[in-house]
Amino acid sequence: MSIQRYSKMVSPYILAVCLSSQGFAKGLDTLQADSPQAPATSTPLPGGQPTPTSDSVPAGPSAVQPAVQTQAPAPTPPTSDVDRLYLGSSFSWINLSGSKGDWVTGTTADIEAGYRFLTIMKKFDLFGTFRYRPTEALVQLDNREYRAIVESYLFGAKARMALNSKLSVNASAELGMSETHLNSNDSIPTIDQSLEKSGVDLNLGGGVSYLVLEKFAVGGKLTLGSGAFKSVQLGVDLRFML
């Protein structure tokens, strides 16, 4: 058999083997591309600490932060009607004197009522007031001594400003009538009529008040008076809200 004829017979088999080898190689490449990759393992650092992976990296500035919850301020409550009307009383030291004679006074107690008719900016309250103030005095004139009772009926207005929920300051102005009643302290029944007189009095005052209970306040006040009688009154004020 000639070499040319032998090569013709063997060539088809060689071609088939080459084609089979290329397909087998292509199949291996495909299998390797499709095979899953093994998860990355963290290599421990010196000291036993593992190397941080992508799962343990802390979130940066781009991470979503939790929303900060803000609470709206509570609305200002309306002015309460609990203290629209009040009754008050005070125990005071008073210095009262008339235009004639020597007057000696000591302490007195008065009664006051007020009604709130106006509130400005939920902080300033205006009250219409009435105060009854009886004052006992000893009067000496022309070597005679008398016992006097001076009754004052005072109408006015009082302004109150709250400093906080407990403490407040106030100022007042009052105008009214004072009447004098005299009794002789000696055996002579007659009375000097120049001492037993009535007249108009003007009083200006101020003070502080502290809310001890829900409807009870304690404070102090100072009142100056002029007119038929001059007076200085300093005392403790008690107030009951209705």
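Shown above is the structure to which this text applies.
Peer 1: Please explain the packing of aromatic side chains as it appears in this structure.
Peer 2: The geometry of an aromatic ring pair comes down to the distance between the two centres and the angle between the two planes. The full count for this structure, using the stated rule, is five aromatic pairs. A ring pair is formed by Tyr86 and Phe127, whose centres lie 5.3 Å apart and whose planes are at 75°; its orientation type is edge-to-face. Here the residue Tyr86 occupies a position in strand S1 (residues 85-97), and Phe127 occupies one in strand S4 (residues 124-141), the gap between them amounting to 41 residues. Judged on exposure class, the residue Tyr86 and its partner Phe127 are both buried. Between Phe216 and Phe240 the ring centres are 5.1 Å apart and the planes differ by 40°, which places this aromatic pair in the tilted class. With Phe216 in strand S8 (residues 216-227) and Phe240 in strand S9 (residues 230-241), this pair connects stretches of sequence that are 24 residues apart. Since its relative accessible area comes to 42%, Phe240 is described here as partly exposed. Its guanidinium or amino end placed over the ring of Tyr86, Arg239 lies 4.6 Å from that ring's centre, counting from NZ or CZ.

Peer 1: I'm lost on the pairing of strand S3 (residues 107-120) in this one. Help?
Peer 2: Moving residue by residue along a regular strand, the side chains alternate between the two faces of the sheet. Bridge count between S1 and S3: nine bridges; the pairing is antiparallel. Within S3, the residue paired with Phe91 across the bridge is Ala109. The pairing of S3 with S4 spans nine bridges and is classified as antiparallel. Paired with Ala113 across the two strands is Phe130, which belongs to S4. Between S3 and S4, which follow one another and run antiparallel, lie three residues, and Met121 among them has a positive phi close to 55°.

Analysis parameters
Residues numbered from 1 in each chain as written. Predicted model: local features only at pLDDT ≥ 70, side-chain atom pairs only at ≥ 80, totals over all residues. Heavy atoms only, no water. Phe/Tyr/Trp six-rings, centres within 6.5 Å; stacked < 30°, edge-to-face > 60°. Helix = DSSP H or I, 4+ residues; strand = E, 2+ residues; numbered from the N terminus. Buried < 20%, exposed > 50% of the residue type's maximum accessible area, 1.4 Å probe, protein only. Lys NZ or Arg CZ within 6 Å of the ring centre and 35° of its normal. Pairing = 2+ DSSP bridges.

Bear in mind that shape data such as this cannot, by itself, settle questions of function.
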